[in-house]
Amino acid sequence: MSDGWAESADAWVASQGDEGDFGRRWVMDAPMLERVRLRPFRRALDVGCGEGRFCRMLKAEGVAAVGIDPTEALIDHARRLDPGGDYRVEAAEALGFEEGAFDLVVSYLSLIDIPDVRAAIAGMARVLAPGGRLLIANLAGYNSAADANDLGWITLPDGRQVHAMDHYLEEKAGWIAWKGIRIQNWHRPLSTYMTLLLEQGLTLTHFAEPPAHGGDPVRQARYNRVPWFMMMEWTKPA
């Protein structure tokens with residue numbers, strides 16, 4: 001059964017443009033790059049790279065990046081935009097790289113798209129070099145547990161808008177549609193991710209729930225009422 005990505009690839013590329021959507025451009029890009037700039041990484045793996053946008057940003061920072069994604073149309077687009085880049089059609093659950101091949105592994109809003117997250121996290125830890133960093137951006141659990149097609153917002157009888165969620169502790173798949181895109185996302189409680197990462201012997205070295213820092217003021221205020229995303233950095237013991 002399709003997860004919707006192949007059918008939605010063109011619409012996804014159009015929605016991102018050169019600068020990314022609101023959440024990437026005005027919320028997550030800056031704190032993600034801040035972590036990258038803290039140390040001189042040599043070789044990075046971008047798991048679920050999509051159309052290759054963050055790979056190109058890593059390249060601009062002087063980091064040699066390999067991007068993988070299971071959607072062939074997105075990898076084709078990444079190759080067109082960055083002919084000299086290294087982009088491969090590959091699933092996160094079956095990484096074809098040697099142990100310790102990368103000193104930086106990135107999952108930039110891709111864990112929510114991966115069906116077998118247990119295999120994916122184990123693979124990311126395996127290809128991470130001792131002393132290397134696993135940098136993760138993900139939807140906040142309250143967000144993925146909400147009705148995604150209404151972005152979690154409901155209107156109360158008195159006119160107030162509040163954010164609602166339900167069945168937070170259940171791991172579940174759901175469909176979300178916007179701007180011609182229709183894809184399957186996975187909700188998992190934060191405890192699932194934390195447990196899986198700790199089981200790999202990784203150490204949490206950074207955690208944040210970044211606010212929006214620019215863009216349309218109305219959208220910025222909406223994003224900042226509740227933390228839309230979370231990010232984590234994990235270190236593999238040397």
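The structure we're discussing is the one just above.
Residues numbered from 1 in each chain as written. Predicted model: local features only at pLDDT ≥ 70, side-chain atom pairs only at ≥ 80, totals over all residues. Heavy atoms only, no water.

Considering the overall build of the protein
Summing up its helical and strand segments, the protein has 8 helices and 11 strands in all. Computed over its C-alpha atoms, the radius of gyration of the protein comes to 17 Å, within 12% of the 18 Å expected for a compact globule of 238 residues. Its C-alpha atoms give the protein principal-axis dimensions of about 55 × 40 × 40 Å. Relative to its full complement of 238 residues, the protein shows a buried share of 50%. A total accessible area of about 11100 Å² is found for the protein, and carbon and sulfur atoms account for 53% of it. Looking at the protein, you have 25 positive and 33 negative side-chain charges, and the mean spots of the two groups are 4 Å apart. (Helix = DSSP H or I, 4+ residues; strand = E, 2+ residues; numbered from the N terminus. Rg over C-alpha atoms; globule rule 2.2 N^0.38 Å. Buried < 20%, exposed > 50% of the residue type's maximum accessible area, 1.4 Å probe, protein only. Areas by Shrake-Rupley, 256 points an atom, 1.4 Å probe, with all protein chains shown as cover. Lys, Arg positive; Asp, Glu negative; His and termini not counted. Charge placed at Lys NZ, Arg CZ, Asp CG, Glu CD.)

Regarding the nonpolar core
Met-32 and Phe-54 are the most contacted members of the largest nonpolar core, which totals 35 residues. Counting residues per element, the ones that place at least two in this core are helix H2 (22–36), helix H3 (53–60), helix H4 (72–81), strand S4 (102–108), strand S5 (128–139) and strand S11 (229–235). In terms of residue count, the dominant contributor to this core is H2 (6 residues). In this view, Phe-54 contacts Met-32, Leu-33, Val-36, Asp-46, Val-106 and Tyr-108; residues no more than four positions away in its chain are not counted. (Core = buried A, V, L, I, M, F, W, Y, C linked by side-chain atoms within 4.5 Å. Contact = heavy atoms within 4.5 Å.)

Describing helix H1 (residues 5–16)
For H1, spanning 12 residues, the distance from its first C-alpha to its last is only 14 Å, which falls clearly below the expected 16 Å at 1.5 Å a residue. Structurally, H1 contributes buried residues whose contacts are with H2, H4, strand S8 (172–178) and strand S9 (181–187). A positive backbone phi angle near 60° is found at Gly-17, which sits one or two residues after H1. (Expected span 1.5 Å × (residues − 1).)

Some remarks on helix H7 (residues 190–199)
Each turn of an α-helix holds 3.6 residues, which means side chains three or four residues apart point in the same direction. Taken as a whole, H7 has its buried residues at Thr-192, Tyr-193, Leu-196 and Leu-197. Each buried residue of H7 lies within a common arc of 120° when the element is viewed along its axis, so the set occupies one face. Turned more than 90 degrees away from the buried face of H7, the exposed residues are Leu-198 and Glu-199. (Arc of directions from axis to C-beta.)

Looking at the environment of Asp-158
Counting through the fold element by element, Asp-158 comes out in the loop between strand S6 (153–155) and strand S7 (161–163). Sequence spacing of Asp-158 and Gly-52 is 106 residues, and the spatial spacing of their C-alpha atoms is 44 Å. A polar contact is formed between the side chain of Asp-158 and the side chain of Arg-160, at a distance of 2.8 Å. (Polar contact = N/O pair within 3.5 Å; in protein donor to acceptor, adjacent residues only side chain to side chain.)

Regarding the sheet that holds S11
In spatial order, the strands read S3-S2-S1-S4-S5-S11-S10; together these 7 strands make up an open sheet with mixed pairing. Both outer strands of the open sheet, strand S3 (86–89) and strand S10 (203–208), are each paired with one neighbouring strand and no more. Between one strand axis and the next, the sheet turns through 15° on average, direction left out of account. Where S10 and S11 come together, 5 bridges link them in antiparallel fashion. What sits directly across from His-206, in S11, is Glu-233. On top of the sheet, H4 reaches strand S2 (64–69) and S3; it is set at about 165° to S3, its chief contact. (Pairing = 2+ DSSP bridges. Axes fitted to C-alpha atoms, helices over the stretch in contact; angles between N-to-C directions.)

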